Amino acid sequence: MTDTAAPVRLAWHRRHVLAAAAGGAALAAAPSWAAAPGDAALAAAFDYAYPLFEFSRAMQRIGERAKPGTPLAERLNQIFHRRVLADHTARQVTAPNNDTIYSSCFMDLSGGPMILGVPDVPDRYFSVSLMNAFTDNFAMIGTRATGGKGGTFWIAGPDWQGTVPAGARLIRSETNDIWMLIRILVTGPTDLPAVHKVQDGFSLAPAPGRGPVRPLAVRAVNGEDAAQVLDAAAEMLSRSPDSVGPARRWRRFAEAGVRPAPGGVFATLPPALQARWRAAVPGLVAGLRASFTAAVRQVKGWAASTGEVGVFGDNDHLRAAVALSGLAALPPEEARYFSSVRDNDRRPLEPGSRYRIRIPAAGVPVDGFWSVTMYAAEPDGRYFFVENPIGRYAVSDRTPGLVRRADGSIDILMSRERPAEPDVNWLPMPDGPMRISFRCYLPQAPIRDGRWTPPPIERLS
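Residues numbered from 1 in each chain as written. Predicted model: local features only at pLDDT ≥ 70, side-chain atom pairs only at ≥ 80, totals over all residues. Heavy atoms only, no water.

K.L.:
Please explain the packing of aromatic side chains as it appears in this structure.
P.N.:
How two aromatic rings sit relative to each other is set out by the distance from centre to centre and by the angle between their planes. For the structure shown, the criterion picks out 16 aromatic pairs. Consider the rings of Phe 46 and Tyr 50, whose centres lie 5.3 Å apart with planes at 40°: the pair is tilted. Here Tyr 50 and Phe 46 lie together in helix α2 (residues 39-61), a separation of four residues that amounts to about one turn. With a relative accessible area of 1%, Tyr 50 lands in the buried category. Seen from their ring centres, Tyr 125 and Phe 369 are 5.4 Å apart, and the 75° between their planes marks the pair as edge-to-face. Pair noted here: Tyr 125 is in the loop between β3 (114-118) and β4 (126-132) and Phe 369 is in the loop between β13 (355-359) and β14 (370-377), with a separation of 244 residues, a long-range link. (Phe/Tyr/Trp six-rings, centres within 6.5 Å; stacked < 30°, edge-to-face > 60°. Helix = DSSP H or I, 4+ residues; strand = E, 2+ residues; numbered from the N terminus. Buried < 20%, exposed > 50% of the residue type's maximum accessible area, 1.4 Å probe, protein only.)

K.L.:
Can you help me understand helix α6 (residues 316-325) in this one?
P.N.:
An α-helical turn contains 3.6 residues, so any two residues separated by three or four positions project in the same direction. The buried count for α6 comes to nine of 10 residues, which makes it a mostly enclosed element. Of the residues making up α6, those classed as buried are Asp 316, Leu 318, Arg 319, Ala 320, Ala 321, Val 322, Ala 323, Leu 324 and Ser 325.

K.L.:
How should I be thinking about the side chain of Glu 334 in this particular structure?
P.N.:
Of note, Glu 334 is situated in the loop between α6 and β12 (335-340). Side chain to side chain, Glu 334 and Arg 144 meet in a polar contact 2.6 Å long. In contact with Glu 334, other than residues within four places in its own chain, are Tyr 125, Ser 127, Met 140, Arg 144, Cys 440, Tyr 441, Leu 442 and Pro 443. (Polar contact = N/O pair within 3.5 Å; in protein donor to acceptor, adjacent residues only side chain to side chain. Contact = heavy atoms within 4.5 Å.)

K.L.:
Would you mind showing me how to read helix α4 (residues 226-238) here?
P.N.:
In a regular helix each residue adds 1.5 Å, so 13 residues correspond to 18 Å; α4 covers 18 Å between its end C-alpha atoms and thus fits that length. Of all the 13 residues making up α4, 11 are buried; the element is thus mostly covered by neighbouring parts of the structure. Looking at α4, one finds that the buried residues are Ala 226, Ala 227, Val 229, Leu 230, Asp 231, Ala 232, Ala 233, Ala 234, Glu 235, Met 236 and Leu 237. Of the residues flanking the start of α4, the one acting as N-cap is Asp 225, its side-chain oxygen 2.9 Å from the backbone nitrogen of Ala 227. (Expected span 1.5 Å × (residues − 1).)

K.L.:
I'm lost on the sheet that holds β3 in this one. Help?
P.N.:
Strand pairing in a sheet relies on backbone hydrogen bonds. The paired strands run either parallel or antiparallel. Here four strands make up an open sheet; going across it, the order is β7-β6-β3-β9 and the pairing mixed. Strands at the two margins of the open sheet, each flanked by one partner only, are β7 (168-172) and β9 (203-206). Neighbouring strand axes in the sheet, compared pairwise and without regard to direction, differ in orientation by 25° on average. (Pairing = 2+ DSSP bridges. Axes fitted to C-alpha atoms, helices over the stretch in contact; angles between N-to-C directions.)

K.L.:
Even after reading the chapter, I still don't get the pattern of salt bridges, so can you show me in this structure?
P.N.:
Between side chains of opposite charge, a pair can form as their charged atoms come close. In this structure the tally under the stated criterion is 28 salt bridges. We note a salt bridge from Asp 345 to Arg 347, for which the minimum N-O separation is 3.5 Å. Exposure remark for Arg 347: the relative accessible area of 38% places this residue in the partly exposed category. Between Arg 354 and Glu 421 there is a salt bridge; the shortest N-O distance is 3.3 Å. Highlighted residues: Arg 354 in the loop between β12 and β13 and Glu 421 in the loop between β17 (410-415) and β18 (425-428), separated in sequence by 67 residues. The exposure class of Glu 421 is partly exposed, given its relative accessible area of 34%. Three or more residues joined by partner-sharing salt bridges are found here, namely Asp 136, Arg 249, Asp 314, Asp 316 and Arg 319. (Salt bridge = Lys/Arg side-chain N within 4 Å of Asp/Glu carboxyl O.)

K.L.:
How should I be thinking about the sheet that holds β17 in this particular structure?
P.N.:
Strand order in the open sheet formed by four strands is β18-β17-β13-β20, and the pairing between neighbours is mixed. Because the sheet does not close on itself, it has two edges, and the strands there are β18 and β20 (458-459). Judged from the two bridges that link them, β13 and β20 form a sheet pairing that is antiparallel. Bridging from a neighbouring strand, Arg 356 pairs with Glu 458 of β20.

Keep in mind these numbers describe shape, not what the thing actually does.
Written as structure tokens, this is what we have:
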């Protein structure tokens, strides 16, 4: 039976046709390397491999807190619901949001399809993003993508052949390993019981006759360890065919040591190439950290996400930078992201200073919602919430007790110490390096086309 979910199928088909065309051109122009890749070639291979490493790292952490000590194979193909808003203890996803409740599932489709049940959610924002092992969003379900309608979805890998049952809609992935991330809007703590009911409306079951789930052999923990990066990437490549999507391009990087191998490849590389990788990776990771804010459009001190974020095509460097500092970013029609580690005068954000963002009375042009989130920077380039005395990690249009000025504008004050002024919208800062993110969900045209940008981060003292 053919796919009856036109919104899902058409989005998938359009992106994959474009990716296939771009991929074909890239393969035709593939360089002929010398036996020892140059620095640029090594950097290109790293950019290609790194998102696969981050996918593997996130995959291995799924369900750790819910089922500690359980083998990974027993935690795949299961939906894990987070029942509270993310806080400073959340560590699975870099740069988490504090606007939505997450439900997460990593699926292994090599044994056959999985059947996803999604409830209708007409009265609040929700999204179901499906990402392949290269961290591209290849299908969406939710408020925008399907008009809040759910249904039954037949999630299949690239090699699956068969008939989709009546009433189910086919979603096909380019890789056998995929990540499903569900976001459901929460208006505040008292809203959590209602959100839990929505979460409980999701279901996931194996298709009849599908085979077992495969474990992972390579441990992915340290993104600055060259062996771990290459071995995790090699294993992820080996788990899917290389006939579609970004997997088709691995041969461009084979001479640098990036190739499919279930147990990893690093130990098989010539010693000189191993040494080059070990020397290069820390600097390449540092370059990704800089790229996250430098390699995008700069407006009023903010780095604005581009139309490629979430659906990267052949832009491996951007994909790698987002995998490090904003893993699982939504596609641009679903959300636009602005971030900064500097104030409006381009000075680095410092824990000893005070800052202000003034939201104009006209508000933010979104059909969904907006938020300003504070993160502490980890040494490895990832970002997480920081513990603070009021348990606040973001200020948004839904923050309880949000204070407005007489003209209707909203001041967000950011400082390490509690402000002396009463009745202010305080967003606590960490003691060290930080990043501020401004999220716009379901952005309207002024945001999408660049006519509207967030207000500047003003240094007060």
